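Each chain, written out:
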Amino acid sequence: MSDESAHIPKLTRIHLQLGQYPVLSDIMRERMRQELFLRGVISKERFEDETRERAVQSQRREGILSPYQEESAEIWERRLDKVRDSLTEFYFAYNLTHERFEQIVRDVLNQRPTAEQVLSLNPEMASLELLFQQLENFAKMPPEEQTHIRHHMQETKVVLIKALISDELEFVRVAKEYLSLDDLKWIRNHRVGRGKIGGKAAGLVLAYTILEQTVARASGSSDPVRLIMPQTYFVGADVSYDFLNINGLVHYLNQKYKPIDEIQRDYPELQAAHMRGRFPDDIVEQFRTLLTMVGDQPLIVRSSSLLEDNFGLSFAGMYESVFCPNQGTAEENLQALMQAIGRVYASVYNADVLLYRKQRGFLDFDERMAVLIQVVQGERYRDYHFPAVAGMAYSRNPFIWSPKLRREDGFTRLVVGLGTRAMERVGEDYPRMVALSHPSLRPESGAPEVKYYSQYYMDVINLRTNCLETVPVKEVLAGDFPSVRFLASVDKGDYITPMIYTDRSLDPRSLVITLEGLLTQTSFAAQLKTILKALELSYSHPVDIEFTVMIGKEYPRPNVELHLLQCRPQTNADGTQRIRFPERLASEDILFGTEKLVPTGHVRNVAYIVYVDPEKYLSAVDPNQKLALARLVSRLNERLEGLPFILMGPGRWGSSNLDLGLRVGYADIYNARALVEIGWARGAGRPTLSYGTHFFQDLVEAHIYPLAIFPGEPGNPFNEAFFSAAPNALSALLPEDARYADFVKVINVPATTGGRTLELVMSGDEARALAFLAQSGNDEKPES
């Protein structure tokens, strides 16, 4: 007889004794597990791995060959509980004395089995399964008993929030007041793998729950808020570590400590390696199940890192989001999904991300990446899938272009089609900017400006080609599109007129995307304002959200559904500080200014101006030369680190279109104090600030003020003589780049002006900005 047989009677006795206490047996087993972990008999991680392995083996013995398709999540969890309990008894019987077991039983029994004692275990040491059981037990108790032990419930809920979602304290502070047991179970049942679901997913779940409990359930409204969260799944953050290990990618974890040029050079191969990677077999099976549940609906795979969208950190637009049209075979769709997740994992090592982390003091943080998978909102129209409207909204309006506007009523940036064109800087195309206090009050005036600053392209998923595409609006929308009269107006040449009814014979080339019908003939603007105010109140912080809009078929006033995609707290000031302009300035001391779409802020003691000549840049025909100038700006950003400088240049910085402006990212400009985009009345590109885009958010969080000026237009002084006559310090700073001196001038302001520096004063409330020469060290303070 083997030595193991000697333990069988003890194992049987333990099992029989536990069976005598059906109410308390879960607590007893949990304490037995903690004893095993504390004594080092087995680690908690190894114990859980073995539990899963044995549960899968038990499925196979029962003839279940596709476990994640043939067995529901609820049955799987019950199977895990049964195996976990069996393993607990087994390891205890083989490694610890029966006397120790009896002592645990006595300790539990000596606590009178009232509700208070039943819930008195240490939540920080308990398993997720026991914590969920505790909350379920609490929910079943009579209300009078719940009152006495509510503090236990709150502590248990907090531990679950920190284990499943986020341990960021500001998030937990809000989440514990709104998330219920059902919400937490829903997250667990929609999670693939282990680990937290990350910041972006956390913000989405919390915001939706807040709105469900406030505005969506508000009674007495004749036009209630109709709120929907897309079909959503999560990939736990721990899966990213499993992925690195089985693909031999762990060595990339030290990328964050390399020089920036080496990080940028390594990234293409690093990204390719991640996209080639494979996942553990059990995770692949869960992906198959997920794809079976969503069918052929298009998906978007989004980052949800542990740091992302936190209070004080947003990483706006820095990580990857990847569309999966999901129109191939089952195997093709699976491979596309896994490649998309690998690409999101790789974006942890993007240079913009690592520099942002370094500047924020989080470079050494263990940045695990969770993933958010959502069904793309929208409907099919011909061969395309897209939402009628998508956008981004701020609870505080960052730009006040009229004294009528109220900053606290919020701001939104809207496009027709997928929201990518609202979030990112694109080519020569413009979203609709809306101040929610006065939705019809545009920053543009007159039909020519309205037509110029409108949307001409839209992003869609082509269901026939299985691709994400950018196509002209006139090639997609036509008079028979169901909600076209709420999206577009009709160009009549000298004027633009609203669409009164759907006209199938309408020439698509006459459509101008104004969204006037949506803003004036539906409850959309009022509902969005209500949503933003509710979230800001609950967060005790300004917020921004991303969303899509579905317009119903009711007539004449259709219902509007808002599909919530993301919510994050804003980390910048709300722009309410008062600014004072100098009363008297010599005209030659004024370098530039504007009276249109101005942020609020004050930049002092600017020693250097990096000035990209607009006319010379825009007249250059070689795209490689324009790319080289963007790289030069990046080198100057690094060279001038620690010195106060601003960037000035043509058109739309950060644009994907080289002809409109320099293609730069956060890693190229993060040391600057302001980014001044120059538009010329004489015909060169006219910039529009990236209000509300991810690029804009990056600028604001880094305290880089975005400003657009229009030399030659009223209210836009520009001292061309100063910029022409000032010596160029480029060759002194970067001798190897002297060949670019015709395009880029670096002005050493004190050396040029006899010791003075540049001061930039901006007031959003007055819609005015002015840059002028001042005495160095001027420490005049704004009015308070």
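Residues numbered from 1 in each chain as written. Predicted model: local features only at pLDDT ≥ 70, side-chain atom pairs only at ≥ 80, totals over all residues. Heavy atoms only, no water.

Chemist: Is there a simple way to explain the pairing of strand S26 (residues 756-763) in this structure?
Modeler: For a regular strand, side-chain orientation follows a simple rule: the groups alternate between the two sheet faces. The buried fraction of S26 amounts to seven of the eight residues, a majority that puts the element mostly inside the structure. Two elements, strand S20 (residues 601-606) and S26, share four bridges in a ladder whose sense is antiparallel. Note that in S26 the partner of Val606 across the bridge is Leu758. The sheet contact formed by S26 and strand S27 (residues 768-775) spans eight bridges and is antiparallel. Following the sheet pairing, Leu760 is matched in S27 by Ala771. The turn joining S26 and S27, which pair antiparallel and follow one another in sequence, is formed by four residues; a positive phi near 50° is taken by Ala767. (Buried < 20%, exposed > 50% of the residue type's maximum accessible area, 1.4 Å probe, protein only. Helix = DSSP H or I, 4+ residues; strand = E, 2+ residues; numbered from the N terminus. Pairing = 2+ DSSP bridges.)

Chemist: Is there a simple way to think about the sheet that holds strand S8 (residues 384-386) in this case?
Modeler: What holds strands together in a sheet is hydrogen bonding between their backbones, with the strands either parallel or antiparallel. The strand order across the open sheet formed by four strands is S7-S8-S12-S13, and the pairing between neighbours is antiparallel. Looking at strand neighbours, the two that pair on one side only are strand S7 (379-381) and strand S13 (467-472), the edges of this open sheet. Across the sheet, the axes of successive neighbouring strands diverge by a mean angle of 45°, strand direction being ignored. Pairing between S7 and S8: three bridges, direction antiparallel. (Axes fitted to C-alpha atoms, helices over the stretch in contact; angles between N-to-C directions.)

Chemist: I would appreciate a short explanation of the nonpolar core in the present structure.
Modeler: Side chains that are nonpolar tend, in soluble globular proteins, to be buried together. Residues Ile165, Leu477, Phe524, Leu535 and Ile545 are the most contacted members of the largest nonpolar core, which totals 84 residues. Once residues within four sequence positions are removed from consideration, Phe524 is found in contact with Leu414, Leu518, Leu519, Phe547, Val549, Val560 and Leu562. With 48 residues, the next largest nonpolar core counts Val294, Ile341, Val353 and Ala667 among its residues. (Core = buried A, V, L, I, M, F, W, Y, C linked by side-chain atoms within 4.5 Å. Contact = heavy atoms within 4.5 Å.)

Chemist: Help me understand the sheet that holds strand S19 (residues 590-594), please; the structure alone is not making it clear to me.
Modeler: Pairing within the open sheet is antiparallel, and its four strands lie in the order S19-S27-S26-S20. In this open sheet, the two edge strands, each paired with only one partner strand, are S19 and S20. Neighbour to neighbour, the strand axes of the sheet diverge by 15° on average, direction disregarded. As defined by bridge partners, S19 adjoins S27 across four bridges and the pair is classed as antiparallel. Across the sheet, Gly593 pairs through a bridge with Leu770, a residue of S27.

Chemist: So what exactly am I meant to see when it comes to the side chain of Thr548 here?
Modeler: Tracing the chain through its elements places Thr548 in strand S17 (residues 543-551). Once you skip the residues sitting within four places of it in the chain, Thr548 turns out to touch Gln377, Pro387, Val389, Ala390, Glu561, Leu562, His563 and Leu565.

Chemist: When you look at the pattern of salt bridges in this model, what are you seeing that I'm missing?
Modeler: Opposite charge on two side chains permits pairing when their charged atoms draw close. In the structure shown here, the tally under the stated rule is 43 salt bridges. The residue Lys533 makes a salt bridge to Asp409 at a minimum N-O spacing of 3.3 Å. Taken together, the residues span a long stretch of sequence, with Lys533 in helix H23 (residues 524-539) and Asp409 in the loop between strand S9 (389-394) and strand S10 (411-415) at a distance of 124 residues. Here Lys533 falls in the partly exposed class, since its relative accessible area comes to 39%. (Salt bridge = Lys/Arg side-chain N within 4 Å of Asp/Glu carboxyl O.)

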